[in-house]
Amino acid sequence: MKIILASNSPRRKELLAGLGIPYDVFVLQGIDESYPPTLPPHEVAEYIARKKAKAYKNVNLNENSSLFNSQLSTVNCQLSIILTADTIVVCDGEILGKPHDAADACAMLRKLSGKTHQVYTGYCLQTADKTVSGTVCSDVTFKELSDEEITYYVEKYNPLDKAGAYGIQEWIGYIGITGIRGSYYNVMGLPVQRIYEEIRKFSV
């Protein structure tokens, strides 16, 4: 079955490629990623992932083949799996999304400093007649970060495209993270072990 990754995230592309499973990238623009304010934080990522997948439900991939990131000319819609995902960071019950600017990024990292927080990645795999979704959680612990360390990281790495204002695979992860419980790759943005097992089920 053809895997269609509905994400432009370079980290998700890298992680999915690491599974050795051929895939293509196709991203619809302007998908509403809002969620009900009463939704518990641990349910938000999966809710958004399913919402993203729903936007692809009636899309004719063949008619939109020119928008794929490769030279794909045709897709058998019945044999394609759309993969969507969303990652959020939760600290003390507060959802930390992508920072608006450098000041917001610094503020988020100060909240994470010296604490254990949760990273939730929700995923959804969808075919023409089947939808499977779930959430994977990892606990991440930061040491007490100095203002100098926070400022250096934000200025040098500009983590405005990352939930919680950090990338575990970057400098801040090297010097700041003292412990992880759960999947490291989930913190990067895609729980590849779980995704691998879910994809296998589609071929059974």
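Residues numbered from 1 in each chain as written. Predicted model: local features only at pLDDT ≥ 70, side-chain atom pairs only at ≥ 80, totals over all residues. Heavy atoms only, no water.

(A) Molecular detail of unusual backbone geometry. One non-glycine residue, D92, lies in positive phi territory at about 55 degrees. Its location among the elements puts D92 in the loop between β3 (80-91) and β4 (94-96). Look at D92 and you get exposed, because its relative accessible area is 59%. In the Ramachandran plot, N158 falls in the positive-phi region, its phi being about 45 degrees despite a non-glycine side chain. The residue N158 is located in the loop between α4 (147-157) and α5 (171-176) in this model. On the accessibility criterion, N158 (46% relative accessible area) is partly exposed. (Helix = DSSP H or I, 4+ residues; strand = E, 2+ residues; numbered from the N terminus. Buried < 20%, exposed > 50% of the residue type's maximum accessible area, 1.4 Å probe, protein only.)

(B) The arrangement of the pairing of strand β5 (residues 116-126) in detail. In terms of residue burial, β5 counts as a mostly covered element, since nine of its 11 residues are buried. The pairing of β3 with β5 spans nine bridges and is antiparallel. By the bridge assignment, A85 is partnered in β5 with Y123. The hairpin formed by β5 and strand β6 (residues 131-142) contains four residues between the paired strands. (Pairing = 2+ DSSP bridges.)

(C) The arrangement of the layout of surface pockets in detail. Of the pockets and cavities examined, the largest pocket occupies roughly 790 Å³. Surrounding the largest pocket, 37 residues form its lining, R12, E33, K52, D86 and K98 being those nearest its centre. Of all the elements in the fold, those that place two or more residues in the lining of the largest pocket are α1 (10-17), α2 (41-55), β3 and α6 (184-188). With five residues, β3 is the single largest residue contributor to the lining of the largest pocket. Taken together, the residues of the lining of the largest pocket sort by class into 19 nonpolar, 10 polar and eight charged. (1 Å grid on protein atoms, 1.4 Å probe; cavity = no way out; pocket = protein on both sides within 12 Å on 5 of 7 lines; lining within 4 Å. Points joined across faces, edges and corners; volume = space filled by probe spheres on them. Nonpolar A, V, L, I, M, F, W, Y, C, P; charged D, E, K, R; others polar.)

(D) Spotlight on the environment of C91. Position of C91 among the secondary structure elements: in strand β3. We classify C91 as buried; its relative accessible area is 5%. As for C91 and T116, which are separated by 25 residues in sequence, their C-alpha atoms are 7.5 Å apart. For C91, the residues in contact, after removing those within four places along its chain, are L96, K111, L112, K115 and H117. (Contact = heavy atoms within 4.5 Å.)

(E) Spatial organisation of the side chain of T84. With respect to the helices and strands, T84 occurs in strand β3. The class for T84 is buried, based on a relative accessible area of 1%.

Everything listed here is a matter of geometry and, on its own, says nothing about what the molecule does.
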